[in-house]
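# Chains, contacts and geometry: an overview
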Amino acid sequence: ESRGLGDVYKRQGLMSSLRPEARPAGLVMSSLRPEARPAGLAEQDAKAIQRSLGFTGTAVDGDFGPGSIRALASFQFKAGLPVSGQIDDATRDALENPDSTDPRNAKPRISVLNDAGDAPDMSKVKAWAKKNIADPLKAAAFVSTVESETGGRSLIEEGRHFSRLLGRNRTPAEIAKKLGGNTARRKAFNDLSTNPDYINGDTAKKDAMVFDIFYDDQYRGTNYKLGNVNLGDGSKYKGRGLVQITGRSNYKKIGDLIGVDFIKNPELINDPRYAAAAAMAYLSLGGKNFFVGEVTQDSLAKTVGHSDDSQKTEAKSRFDRAIVLQSEMYP
């Protein structure tokens, strides 16, 4: 269990520089470089914060890079505070007085979903982004990403075996042609044509079997593995949430950051209490680092997931939309 900053300071004999007249104006995700420490925050105080957040050994280096920001955001969520990644007054008080905030009695969190809880309410998403993301263009890019990933309609990835173009379910051979991949994955799709469970299954069953093949790590290249190594992982950890988080590994990372067991309860990624925080945490993961540095078309290409031409085209579309959204959200 993490110690409060007050305990850390007393034990080390330090004088905190986090008093009102000396603390940084705000530790903002969008303004940090991996090697940077916020101006006005002494190295020993930065290290004290890292220790309070649970860092040990060489990880306590006084540099507030993406890892420290993620840990701070995680602390805020668990403490029932707005997930901003900033050292604000409420966060400072909670860090210095850990017993004053009981995560089990966290304050109600603002939902960004519609009344039915099955799709984003984009007006709420915009308001949440403006409140929780300091940089206007980043806030707009967050909204643009949610729009693109969900179509503003659904929080759950649609089944892969139905074709809107054909107006019917694809045959296993058509699925193999559409979803492709290596020879082993194509064979696995084709083999569905003789699998009684698939032949006799309803739509949900067929969807699950297609997801279990499509997202299975044994059929994916080294750079595209998702941690899906158990039978059924593909359908259990299919795309969910505001940014369509996919794969056992990502569910585990996001859950660890915000303190929710998404491995045992994957459907909670769509829960109104966690949807926005889960999306924000996902975008902060290493390799994406959405909240570090400036948002650009190239940085959005990494956020989309790949850097090939098709993804660069998608990233350009999202970035262009973000420019429009910024003017709408910040008139």
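This text follows the structure it describes.
Calculation criteria
- Residues numbered from 1 in each chain as written.
- Predicted model: local features only at pLDDT ≥ 70, side-chain atom pairs only at ≥ 80, totals over all residues.
- Heavy atoms only, no water.
- Helix = DSSP H or I, 4+ residues; strand = E, 2+ residues; numbered from the N terminus.
- Buried < 20%, exposed > 50% of the residue type's maximum accessible area, 1.4 Å probe, protein only.
- Lys, Arg positive; Asp, Glu negative; His and termini not counted.
- Salt bridge = Lys/Arg side-chain N within 4 Å of Asp/Glu carboxyl O.
- Contact = heavy atoms within 4.5 Å.
- Polar contact = N/O pair within 3.5 Å; in protein donor to acceptor, adjacent residues only side chain to side chain.
- Phe/Tyr/Trp six-rings, centres within 6.5 Å; stacked < 30°, edge-to-face > 60°.
- Lys NZ or Arg CZ within 6 Å of the ring centre and 35° of its normal.

## So, the side chain of Lys-206
Position of Lys-206 among the secondary structure elements: in helix 10 (residues 203-214). An unpaired buried charge is present at Lys-206: no salt bridge exists, and Asp-202, the closest side chain of opposite charge, is 8.4 Å distant. What Lys-206 contacts, discounting residues up to four positions off in sequence, is His-161, Tyr-198, Ile-199 and Gly-201.

## Digging into the environment of Asp-233
As for its position among the elements, Asp-233 is in helix 11 (residues 233-236). Overall, Asp-233 belongs to the buried group, its relative accessible area being 3%. A sequence separation of 30 residues divides Asp-233 from Ile-263, and the C-alpha atoms of the two residues are 9.9 Å apart. Once you skip the residues sitting within four places of it in the chain, Asp-233 turns out to touch Asp-212, Gly-227, Asn-228 and Arg-248. Of the polar contacts made by the side chain of Asp-233, one reaches the backbone nitrogen of Val-229; its length is 3.2 Å. Among the polar contacts listed, one links the side chain of Asp-233 to the backbone nitrogen of Asn-230, at a separation of 2.9 Å.

## Examining unusual backbone geometry
Unusually for a residue other than glycine, Gln-244 sits at a positive phi of about 55°. Looking at the element boundaries, Gln-244 is found in the loop between helix 11 and helix 12 (248-258).

## Quick notes on the packing of aromatic side chains
Any aromatic ring pair is given by two values, namely how distant the centres are and how the planes are angled relative to each other. Evaluation of the coordinates by the stated rule reveals five aromatic pairs. Seen from their ring centres, Phe-262 and Tyr-274 are 6.4 Å apart, and the 75° between their planes marks the pair as edge-to-face. Placement of Phe-262 in the loop between helix 12 and helix 13 (275-283) and of Tyr-274 in the loop between helix 12 and helix 13 is noted, with a sequence separation of twelve residues between them. A single burial state applies to Phe-262 and to Tyr-274, both of which are buried. Among the aromatic residues, ring-to-ring pairing joins Phe-211, Phe-214 and Tyr-215 into one connected group. Here the basic side chain of Lys-206 rests over the ring of Tyr-198, its NZ or CZ set 5.3 Å away from the ring centre.

## Regarding the side chain of Lys-238
With respect to the helices, strands and loops of the structure, Lys-238 is situated in the loop between helix 11 and helix 12. Of the side chains with opposite charge, Asp-207 comes closest to the buried, unpaired Lys-238, at an N-O distance of 6.3 Å. In contact with Lys-238, not counting residues within four places along its chain, are Ile-156, Glu-157, Phe-211, Tyr-215, Ile-245, Thr-246 and Tyr-251.

Read these as spatial facts, not as claims about activity.
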